[in-house]
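# Report on the structure
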Amino acid sequence: MEQYAIKGGNPLVGEVEIGGAKNAALAVLAAAIMTDETVTIENVPDVNDTRVLLQAMESIGVVVERLDRHTVKINASMISELVIEDDFIKKIRASYYLLGALLGKYKHAEVALPGGCNIGSRKIDLHIKGFKALGAEVKIEHGLWITDAERLQGAHIYLDTVSVGATINIMMASALAEGKTIIENAAKEPHVVDAANFLNSMGANIKGAGTDVIRITGVEKLHASEYSIIPDQIEAGTFMFAAAITKGDVTVKNVIPKHLESTTAKLIEMGCQVEESDDAVRVVASKRLEATQVKTLPYPGFPTDMQPQIGVALSLASGTSIVTESIFDNRFKYIDELTKMGANVKVEGNTAVISGVEHFTSAALTAPDLRAGAALVLACLSAEGFSTVEDINYVERGYEDFPQKLQSLGAQIEKVASDRDLQKFKLKVG
Ligand code: UD1
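Report follows, based on the coordinates. (Residues numbered from 1 in each chain as written. Predicted model: local features only at pLDDT ≥ 70, side-chain atom pairs only at ≥ 80, totals over all residues. Heavy atoms only, no water.)

### Observations concerning the nonpolar core
Grouped together as the largest cluster of nonpolar side chains are 84 residues, with contacts concentrated most on Ile41, Met171 and Leu199. Here this core takes 8 residues from helix 1 (residues 22-31), the largest share from any one element. Beyond its immediate stretch of four places on either side in the chain, Leu199 contacts Ala31, Met34, Met171, Met172, Ala204, Ile206 and Leu222. By size, the runner-up hydrophobic cluster in this structure holds 70 residues, among which are Phe332, Leu365, Ala379 and Tyr399. (Core = buried A, V, L, I, M, F, W, Y, C linked by side-chain atoms within 4.5 Å. Buried < 20%, exposed > 50% of the residue type's maximum accessible area, 1.4 Å probe, protein only. Helix = DSSP H or I, 4+ residues; strand = E, 2+ residues; numbered from the N terminus. Contact = heavy atoms within 4.5 Å.)

What follows is the structure, given as structure tokens:
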């Protein structure tokens, strides 16, 4: 079974190049099928989630050509089916974007019920509410969401909860509806803005993305475009926390520092030095981290996708910290794993009370989900001795070349496929 073998104890030092944002790429790739003309997307991260989404698109007749590792050309003029099968959806929840994209373009879509990381109840009722407001009928049959409309008519839609997925999905469907749509209480995440910018580059008329009111004036059709995905704020934040957790000095390059503000603010509160330049951020952790309080919130608040990384860091900080998870209800599963390394954390409902320990001890761990998996790898890198992390398929869903990038910062980590490989790694790193 594939796992990461890690020998921890070294501070991570150096520079690391951040790739395109996975969550933006998933929305943009799905939106690319809304035109019959050819679209070229650059800076697509080569991770399992984007690969699966592209396969799902190919399964319905979309032609996908990889120009290089991070550039894809997409032509959706030959879509032959409007049904996205269960296999794809089970692997990535974001295949639900194909529901909005197909509904907008063909006024009909059938997509299996979403799966993805098990980090709590992940409903799509708000997506459905939006589609219905636009005049579509939505029903579930044989495990498929089936949505159908004679025509889509712009509407005034209020989202009861701030939802990235619902905001983007409704934006896609309404881009090709008749008349005006207003989405109130919209998500403001950078990937919402990226999806809107991409749709606009194809001729859509979307205003206000990045604020909580988005106004869309439907257009008849969309056209060809060339577009480059924004940098991944969560990958960048993970490497920033890698510096904090290993008492290192890491510069993340090719980032938009503005998107990292909440992460930067917390690192400063915890006693790290953070230097920003135009497209890079350097984090230096020269002393023991200090405790703090953090609550996950929609953007520009502290991202839920960074909660395990800060949880690991605070488990090593002096004093008692409180972490409140307000977005998902099952996002503390990594705490049991961290306890195996000596962490002292008490979870009650959506709050973790963390009494920092001086150091972790090495352990054999299992990744419970994508971001928690990455955070546990960082925990292992801080602990003296050999550790392993299993179920790394989660991590590979969202991080491109994670071990290689960590190695470039001096980490001793390798992906191994057997006990023999694990022994070899141990012999190599001593
Ligand atoms: C996206 C991100 C994910 C991130 C999350 C929150 C992608 C592919 N994934 O997930 O990495 O953790 O945003 O930043 O971009 N909700 C409802 N009804 C709905 C939809 C959502 O109640 O129809 C609730 C959810 O249960 C959750 C909250 O809204 O409590 C936020 O979820 P949402 O922003 O929709 O997350 P995703 O788009 O699934």
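The structure having been displayed, the exposition proceeds.
### Observations concerning the packing of aromatic side chains
Aromatic ring pairs are reported here in terms of the distance separating the ring centres and the angle at which the planes meet. The full count for this structure, using the stated rule, is 6 aromatic pairs. Judged by centre distance (4.9 Å) and plane angle (90°), the ring pair of Tyr96 and Tyr97 falls under edge-to-face. Tyr97 matches Tyr96 in its accessibility class, with the two residues each being buried. Relative to Tyr334, the ring of Phe332 has its centre 6.5 Å away and its plane inclined at 45°; by these criteria the two rings are tilted. Taken together, Phe239, Tyr399 and Phe402 form an aromatic cluster joined through their ring pairs. The residue whose ring lies beneath Lys426 is Phe386, and the NZ or CZ to ring-centre distance is 5.4 Å. (Phe/Tyr/Trp six-rings, centres within 6.5 Å; stacked < 30°, edge-to-face > 60°. Lys NZ or Arg CZ within 6 Å of the ring centre and 35° of its normal.)

### Regarding the environment of Ala56
As for its placement among the helices and strands, Ala56 is situated in helix 2 (residues 48-59). Since its relative accessible area comes to 0%, Ala56 is described here as buried. On a C-alpha basis, the gap between Ala56 and Asn254 in space is 29 Å, while along the polypeptide they are 198 residues apart. Here Ala56 is in contact with Ile84, Phe88 and Leu98, once residues within four sequence places are set aside.

### Examining the site of the ligand
Near the ligand you find 23 residues, and of these Asp125, Leu126, Ser163, Asp305 and Ile327 are the closest. Contacts to the ligand include Asp125, whose side-chain N or O atom sits 2.6 Å from a nitrogen atom. Burial of the ligand by the surrounding chains reaches 90%, relative to a free accessible area of 740 Å². Secondary-structure elements contributing two or more residues to the shell around the ligand are helix 1, helix 5 (125-133) and helix 6 (164-175). Of all the elements, helix 5 adds the most residues to the shell around the ligand, at 3 residues. Residue contributions to the shell around the ligand reach at least three from each of two domains, namely domain 1 (3-18 + 231-429) and domain 2 (22-228). (Near = heavy atom within 4 Å. Polar contact = N/O pair within 3.5 Å; in protein donor to acceptor, adjacent residues only side chain to side chain. Areas by Shrake-Rupley, 256 points an atom, 1.4 Å probe, with all protein chains shown as cover. Domains from an automatic or database assignment.)

### Some words on the pairing of strand 19 (residues 320-324)
Bridge analysis of strand 18 (residues 293-295) against strand 19 gives 3 bridges, and the strand direction is parallel. Residue pairing in the sheet places Lys295 in a bridge with Thr324 of strand 19. Between strand 18 and its parallel partner strand 19, the chain crosses via helix 10 (residues 307-314), and the hand of that crossover is right-handed. Pairing analysis gives 5 bridges linking strand 19 to strand 21 (residues 351-355), with the strands arranged antiparallel. Pairing of Thr320 across the sheet is with Ser355, part of strand 21. (Pairing = 2+ DSSP bridges. Right-handed = clockwise from strand over helix to strand, strands pointing away.)

### Quick word on the sheet that holds strand 5 (residues 71-75)
In spatial order, the strands read 4-5-3-14; together these 4 strands make up an open sheet with mixed pairing. Only two strands of the sheet have a single neighbouring strand rather than two, namely strand 4 (63-68) and strand 14 (225-228). Taken pair by pair, the neighbouring strands of this sheet meet at an average axis angle of 20°, ignoring direction. Sheet topology note: the strand 4/strand 5 ladder contains 5 bridges and is antiparallel. Counterpart to Val64 in the pairing with strand 5 is Ile74. Across the sheet, helix 2 touches strand 4 and strand 5, and the angle it forms with strand 4 is around 140°. (Axes fitted to C-alpha atoms, helices over the stretch in contact; angles between N-to-C directions.)

### So, helix 15 (residues 419-429)
If you check which residues of helix 15 are buried, you get Leu422, Phe425 and Val429. Around the axis of helix 15, the buried residues are gathered within 55° of arc, so they sit on the same side. Facing away from the buried side of helix 15, by more than 90 degrees, are the exposed residues Arg420, Lys424 and Leu427. The inward-facing, buried residues of helix 15 contact strand 1 (3-8), strand 23 (385-390) and strand 24 (412-416). Where helix 15 terminates, the next one or two residues include Gly430, which has phi positive at roughly 70°. (Arc of directions from axis to C-beta.)

### Comments concerning the side chain of Glu110
Counting through the fold element by element, Glu110 comes out in strand 7 (residues 108-112). One buried charged residue, Glu110, remains without a salt bridge, the closest side chain of opposite sign being Lys139 at 7.8 Å. Ignoring sequence-local partners within four residues, the contact set of Glu110 consists of Leu82, Val83, Ile84, Leu144, Trp145 and Ile146. (Lys, Arg positive; Asp, Glu negative; His and termini not counted. Salt bridge = Lys/Arg side-chain N within 4 Å of Asp/Glu carboxyl O.)

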